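Each chain, letter by letter, is given below.
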Amino acid sequence: MADLSGEKEVWTSEGWVDRFGLPFAADENGFGMPAQDATRVVASADLLSGYLRAVTASTLSYLGGLTPDDLDEVVDKNRTPAVTRGGQLLSILDDNLQHAGQAGYARGILDRSHQPIN
């Protein structure tokens, strides 16, 4: 979203990187991270919720200022076909929905692990 909006990432601009205190560079996004590193990511529910609220507020502010013409603007000419702002937003939404599904699945596994076996 920061790339699309032209704004700085909430992660760094609002100090979340410091609050989380993760043992990674500020620009590390976890993509391709080995499992050993991923397990080093530990955060409280309050911290995660606060970050989610901050990112949501920033995202809604950006989306609220868009016009229908903005959605048709090409933002990536290096791909075939070229990617519009609207297409990129759909891609971001799809990615987030997949992560939400993965989190729900993981939670379901955890919930079942605490139930008695009949």
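The model shown is predicted, which means the values in this text are computed figures rather than measured ones.

Enquirer: Residue-level account of the nonpolar core, with values.
Expert: Counting residues in hydrophobic clusters, the biggest one holds seven residues: Val10, Trp11, Trp16, Val17, Phe20, Leu47 and Ala54. Among the elements of the structure, helix H2 (10-13), helix H3 (16-20) and helix H5 (45-64) are those that each provide at least two residues to this core. If one sorts the elements of this core by residue count, H3 sits on top with three residues. Val17 has contacts with Trp11, Thr12, Leu22 and Ala26, leaving out every residue within four places of it along the chain.

Enquirer: Quick one: what's the story with unusual backbone geometry, residue by residue and with numbers?
Expert: Residue Pro81 is bonded to the preceding Thr80 through a cis peptide linkage, with omega at -5°. Secondary-structure assignment places Pro81 in the loop between strand S1 (74-76) and strand S2 (83-84).

Enquirer: Tell me about the packing of aromatic side chains, residues and numbers included.
Expert: Inspection of the entire model under this criterion finds five aromatic pairs. Aromatic ring contacts, followed pair by pair, group Trp11, Trp16, Phe20 and Tyr51 into a single cluster. Over the face of the ring belonging to Trp16 we find Arg19, whose NZ or CZ atom lies 3.9 Å from the ring centre.

Enquirer: Could you give an account of the pattern of salt bridges, with specific residues and numbers?
Expert: Summed over the entire model, instances satisfying the criterion amount to three salt bridges. A salt bridge links Arg40 to Asp37, with the shortest nitrogen-to-oxygen separation between them at 3.3 Å. According to the relative accessible area criterion, Arg40 is partly exposed, its value standing at 43%. Of the residues examined, Asp37 reaches a relative accessible area of 24% and is grouped as partly exposed. Two residues, Glu73 and Arg85, come together in a salt bridge whose shortest N-O distance is 2.7 Å. With a gap of 12 residues between them, Glu73 in the loop between helix H6 (68-72) and S1 and Arg85 in helix H7 (residues 85-113) connect regions that are remote in the sequence.

Enquirer: I'd like a rundown of a nonpolar patch on the surface, residues and numbers included.
Expert: Taken together, the side chains of Leu90, Leu93 and Leu97 define a hydrophobic patch exposed on the protein surface, amounting to about 320 Å² of accessible area. Looking at the element boundaries, Leu93 is found in helix H7.

Reading the values: the criteria
- Residues numbered from 1 in each chain as written.
- Predicted model: local features only at pLDDT ≥ 70, side-chain atom pairs only at ≥ 80, totals over all residues.
- Heavy atoms only, no water.
- Core = buried A, V, L, I, M, F, W, Y, C linked by side-chain atoms within 4.5 Å.
- Buried < 20%, exposed > 50% of the residue type's maximum accessible area, 1.4 Å probe, protein only.
- Helix = DSSP H or I, 4+ residues; strand = E, 2+ residues; numbered from the N terminus.
- Contact = heavy atoms within 4.5 Å.
- Phe/Tyr/Trp six-rings, centres within 6.5 Å; stacked < 30°, edge-to-face > 60°.
- Lys NZ or Arg CZ within 6 Å of the ring centre and 35° of its normal.
- Salt bridge = Lys/Arg side-chain N within 4 Å of Asp/Glu carboxyl O.
- Patch = residues over 30% accessible without salt bridge, like charges linked within 9 Å, V, L, I, M, F, W, Y side chains within 5 Å.
- Areas by Shrake-Rupley, 256 points an atom, 1.4 Å probe, with all protein chains shown as cover.

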